[in-house]
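Observations on chain architecture
Below are the chains, spelled out letter by letter.
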Amino acid sequence: MTLNFDAKKLAGDLYDGGFRPMFIGGQWVAAQSGEVSEAYNPATGEVLATVPLAGAADVDAAVVAARKAFEGPWSKFTPYERQVLLLKIADLFEANWERLSVSDTLNMGMPISRTIANKRRVIGMLRFYAGMATSLHGEVIDNSFPGEIVSFTRREPIGVVGAIIPWNAPTAASIWKIAPALATGCTVILKPSEDAPLTPLLIAKLMQEAGVPDGVVNIVTGKGSVAGARLAEHPDVNKIVFTGSTATGQAIARAAVGNLKRVSLELGGKSPLIICRDADIERAVPIAAMAVFAHSGQICIAGSRLFVAREIHDEFVGKVADYARSLRIGHGIEEDTDIGPLISARQAKVVEGFISSGQSEGANLMAGGNRLSGPLYDGGNFITPTVFGGVKDDMRIAREEIFGPVISAMPFDTIDEVVERANATPYGLAAGIFTQNLGLAHKLVRRIKAGSVWVNMYHAIDPAVPFGGMKMSGYGREGGTEHLHEYLETKAVWIQTD
Ligand code: NAD
């Protein structure tokens, strides 16, 4: 990809190591304790900025601001006015897309070619929800007393929403939570990951510039165990929308029980990608590789269990390994980088642990598997795209979410067998199928237990199409019209008319 702007210059202009306040009730504030944490560039280890380390008192202040806004002038905004506001935010995102993309690349390592390419998806979400703002409606329901009593439903905003997001796609994850809140008339407190807090603060600036009333969108930077936990348990928060690991999702669901707040959870996965005997191999190889290696495997939908029909297994996996070796690894800000760093030294250690477990359990390391060193890499956490062949279903690398650039390839013999093995996981987020037989594709689609199934493709996400998990990959959906119901309560109204 050739960029038509100077990403490195923009990077130099964006962050200088200085303090970036958080955004509560329309004010730019420090943590009440004065504590800060550092936000890093995972490619270089350089400190980009410091941000407030919010405590429970800061979260409480944000909830007060969000409640006040929910009951204040924001409640008088008509659907049309909310639509106009969302369209204005979309325009501002369009005008600032390069800054948002560079900020994401700097703070979480995703190559600039990818952050830039997410434009349509993110701005599309804002415009999709703008459209939805004016299409919310209840229903008139025929009851058992026609002529005497009319009954109908109203869809009302759920109230104050706590949104907790991971670090791997801060712009998209923020908008996927904020846009439906604005469309429905809710207010929101967003807690970004401590590993990538910077772009959500830029987003808050754009919200302010667009004229979002004070307190409607609040960004609180802090640790999950403190600020996130307080938001999840807070008695005056009506709903938590969470994206992150399954373990944290479980903790949040438990914390939310206190006031029975509504919860939706987008969690982890260990998604199967099934390559049938008749697959178009040349087409499937790069897609299967990038189903994991995009963003160094740090994607919830990574198709990390690669099931390949035995007849083509060796050829196919050999080609995926060749493809892995051809990828360029480097700093995300370089436009020709295919694979950036892992988010942290901690995560790199976890991935190295999985790679050694694959080797010690007897899988065949066909590509990658090592950490890069040298002047370009020493400041960051770079692991080469790794392909294991001969993996057995009971090995750790075939069972657990790695969140790193590791493919575990396994042969299969029959369709019934591969369906059973693909479904033999606690997760159910996504799946992929490659076959030229349409009938077989439909059969597999019906039998695979996953929230998204892609056929002869992978990774597509669209604002209009629901996305989310089955089983321990969570509950609730983002995207599509059903998403908005997660931000609404239904009120039944009865009117005596005779
Ligand atoms: P994580 O669960 O460690 O953290 C996610 C967020 O939760 C962060 O903001 C963190 O501060 C916060 N948090 C941590 N502990 C908390 C607690 N006790 N109470 C409240 N909040 C808390 O996940 P991560 O490492 O940032 O992201 C990786 C995980 O996210 C992977 O498992 C990945 O599959 C998942 N993920 C899922 C999706 C999806 O849409 N299904 C998308 C991206 C990432």
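In the nomenclature of an unreviewed UniProt entry, the protein corresponds to Aldehyde dehydrogenase family protein from the organism Rhizobium alvei. On record in UniProt, under Sequence similarities (unreviewed entry), the comment for the protein is "Belongs to the aldehyde dehydrogenase family."

Counted according to the given criterion, the structure contains seven aromatic pairs. Ring centres of Phe23 and Trp28 lie 4.6 Å apart, and the angle between their planes is 35 degrees; this geometry places the pair in the tilted category. The aromatic ring of Trp28 is capped on one face by Lys205, whose charged end is 4.5 Å from the ring centroid.

Below, the discussion takes up the packing of helix α3 (residues 79–95) against helix α8 (residues 198–210). Contact geometry of α3 with α8 gives a least axis separation of 9 Å together with a crossing angle of 130 degrees. One element, α3, and the other, α8, form an angle in the oblique class. Every pair of crossing elements has a handedness; the one defined by α3 and α8 is right-handed. In this structure, α3 uses Leu85, Lys88, Ile89, Leu92 and Phe93 to contact α8, whose residues at the interface are Ile203, Leu206, Met207, Glu209 and Ala210. In the contact of α3 with α8, the residues fall into eight nonpolar, no polar and two charged.

Another aspect to go through is the pairing of strand β6 (residues 149–157). As paired strands, strand β5 (residues 140–141) and β6 are joined by two bridges and run antiparallel to one another. In the strand pairing of β6, Val140 is matched with Phe152. Sheet topology places β6 next to strand β22 (residues 488–496); nine bridges connect them, and they run antiparallel. Looking across to β22, one finds that Glu156 is bridged to Glu489.

A separate point is the sheet that holds strand β18 (residues 430–434). A sheet is described by the order of its strands in space; here seven strands give the open sequence β14-β15-β16-β13-β12-β18-β19, paired in mixed fashion. Only two strands of the sheet have a single neighbouring strand rather than two, namely β14 (364–367) and β19 (452–455). Direction aside, the axes of adjacent strands within the sheet are offset by 20 degrees on average. Sheet topology note: the strand β13 (residues 305–309)/strand β16 (residues 406–412) ladder contains five bridges and is parallel.

A residue-level look at the protein finds 100% of positions with pLDDT of 70 or above and a mean pLDDT of 97. Mean pLDDT values for the elements of the protein range from 91 in helix α17 (residues 480–485) up to 99 in strand β1 (residues 22–24).

Taken in spatial order, the three strands make up an open sheet running β5-β6-β22, and their pairing is antiparallel. Sheet topology places β5 and β22 at the edges, where each strand pairs with a single neighbour.

Side chains of Val140, Val150 and Ile495 sit close together on the surface and give an oily, nonpolar patch of about 260 Å² of accessible area. With respect to the secondary-structure elements, Val140 resides in strand β5.

So, on to the UniProt feature "active site" (unreviewed entry) in the protein. In the numbering used here, UniProt assigns the "active site" (unreviewed entry) feature to Glu266. Considering the arrangement of structural elements, one finds Glu266 in strand β11 (residues 262–266). Sequence-distant contacts of Glu266, that is, excluding residues within four places in its chain, are made with Phe242, Thr243, Gly244, Phe467, Gly468, Gly469, Ser473, Gly476, Arg477 and Glu478.

Time to look at unusual backbone geometry. Not every positive phi belongs to a glycine, and Leu260 is a case in point at roughly 50 degrees. The residue Leu260 is located in the loop between α10 (246–255) and β11 in this model. With relative accessibility at 59%, the residue Leu260 sits in the exposed group.

A separate point is the domain arrangement of the protein. Split by domain assignment, the protein resolves into domain 1 (7–267 + 473–493) and domain 2 (272–463). Averaged C-alpha coordinates put domain 1 and domain 2 at centres separated by 30 Å. At the boundary of domain 1 with domain 2, total buried surface from both sides reaches about 2,600 Å², with 60% on carbon and sulfur atoms. Summed over the shared surface of domain 1 and domain 2, the number is two salt bridges. If you look at where domain 1 meets domain 2, you find ten residue pairs in polar contact (both at pLDDT 80 or more). Elements with a minimum of two residues in the side of domain 1 that touches domain 2: α1 (7–14), α4 (97–108), α5 (112–117) and α6 (119–133). Among the elements that make up the side of domain 1 that touches domain 2, the one with the highest residue count is α6 (six residues). Taken together, the residues of the side of domain 1 that touches domain 2 sort by class into 16 nonpolar, twelve polar and six charged.

Summarising the element assignment, Ile123 is placed in helix α6. Along the primary structure Ile123 and Phe316 are separated by 193 residues, whereas in three dimensions their C-alpha atoms are 37 Å apart. Among residues more than four places away in sequence, those in contact with Ile123 are Ala90, Phe93, Glu94 and Trp97.

Taken together, 26 residues lie near the ligand, and Ile165, Glu194, Ser245, Leu267 and Glu401 sit nearest. Contacts to the ligand include Trp167, whose side-chain N or O atom sits 3.3 Å from an oxygen atom. Between the ligand and Ser245, the relevant distance is 2.7 Å, taken from an oxygen atom to a side-chain nitrogen or oxygen of the residue. Coverage of the ligand by the protein amounts to 84% of the 840 Å² it exposes when considered alone. Elements represented by at least two residues in the shell around the ligand include exactly α9 (224–233), β10 (239–243) and α10. Among the elements that make up the shell around the ligand, the one with the highest residue count is α9 (three residues). A class-by-class count of the residues in the shell around the ligand yields 13 nonpolar, nine polar and four charged. Split by domain, the residues of the shell around the ligand number at least three in each of domain 1 (7–267 + 473–493) and domain 2 (272–463).

Reading the values: rules and limits
- Residues numbered from 1 in each chain as written.
- Predicted model: local features only at pLDDT ≥ 70, side-chain atom pairs only at ≥ 80, totals over all residues.
- Heavy atoms only, no water.
- UniProt positions renumbered as here; feature names shortened; annotations may be inferred.
- Phe/Tyr/Trp six-rings, centres within 6.5 Å; stacked < 30°, edge-to-face > 60°.
- Lys NZ or Arg CZ within 6 Å of the ring centre and 35° of its normal.
- Axes fitted to C-alpha atoms, helices over the stretch in contact; angles between N-to-C directions.
- Helix = DSSP H or I, 4+ residues; strand = E, 2+ residues; numbered from the N terminus.
- Parallel < 35°, antiparallel > 145°, perpendicular 65-115°, else oblique.
- Left-handed = near helix turned anticlockwise from the far one by under 90°.
- Contact = heavy atoms within 4.5 Å.
- Nonpolar A, V, L, I, M, F, W, Y, C, P; charged D, E, K, R; others polar.
- Pairing = 2+ DSSP bridges.
- pLDDT = per-residue confidence, 0-100.
- Patch = residues over 30% accessible without salt bridge, like charges linked within 9 Å, V, L, I, M, F, W, Y side chains within 5 Å.
- Areas by Shrake-Rupley, 256 points an atom, 1.4 Å probe, with all protein chains shown as cover.
- Salt bridge = Lys/Arg side-chain N within 4 Å of Asp/Glu carboxyl O.
- Buried < 20%, exposed > 50% of the residue type's maximum accessible area, 1.4 Å probe, protein only.
- Domains from an automatic or database assignment.
- Buried area = accessible area lost by both parts, 1.4 Å probe.
- Polar contact = N/O pair within 3.5 Å; in protein donor to acceptor, adjacent residues only side chain to side chain.
- Near = heavy atom within 4 Å.

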